[in-house]
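What the coordinates show
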Amino acid sequence: MESIQSMPLLLTGFLVIALAAKEIGVFFARIRLPKITGYLVTGLAAGAFILGFFPQEAIERLHFVDNVSLAFIAFAAGNELFLPEMKGRF
């Protein structure tokens, strides 16, 4: 029962961190770095290993969020590619 009650709190924390990642991504874009760099830095900082916003048990319960986040990162990385430039490199 305890894990069911803590899930809304974990998802709320994730949403706050996701909004922060969006803003940090915009900041990175202003200093001419890809937004994805800001997303990754935010994820590393907010994870269980640096700032510890989420305990290890919570991370194990939120694998579906991990999968959705990886898909978002893949789309964001693909959006940063400029196809005509890539064709010139091949």
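Residues numbered from 1 in each chain as written. Predicted model: local features only at pLDDT ≥ 70, side-chain atom pairs only at ≥ 80, totals over all residues. Heavy atoms only, no water.

The next thing to look at is the side chain of T42. Residue position: T42 is located in helix α2 (residues 35-46). Judged by relative accessible area, T42 falls into the buried class, the value being 8%. Not counting residues within four places of it along the chain, the set of residues in contact with T42 comprises I17, A21 and I24. (Helix = DSSP H or I, 4+ residues; strand = E, 2+ residues; numbered from the N terminus. Buried < 20%, exposed > 50% of the residue type's maximum accessible area, 1.4 Å probe, protein only. Contact = heavy atoms within 4.5 Å.)

Each aromatic ring pair is described using two quantities: the centre-to-centre distance and the angle formed by the ring planes. As enumerated under the stated definition, the model contains 2 aromatic pairs in all. With 6.0 Å between their ring centres and 80° between their planes, F27 and F28 make a pair best called edge-to-face. Taking the relative accessible area as the measure of exposure, F27 reaches 41% and is therefore partly exposed. Relative accessible area serves as the criterion here: at 14%, F28 is assigned to the buried category. With centroids separated by 5.6 Å and ring planes inclined at 45°, the aromatic side chains of Y39 and F72 adopt a geometry described as tilted. Of this pair, Y39 sits in helix α2 while F72 sits in helix α4 (residues 63-80), and the two are 33 residues apart along the sequence. (Phe/Tyr/Trp six-rings, centres within 6.5 Å; stacked < 30°, edge-to-face > 60°.)

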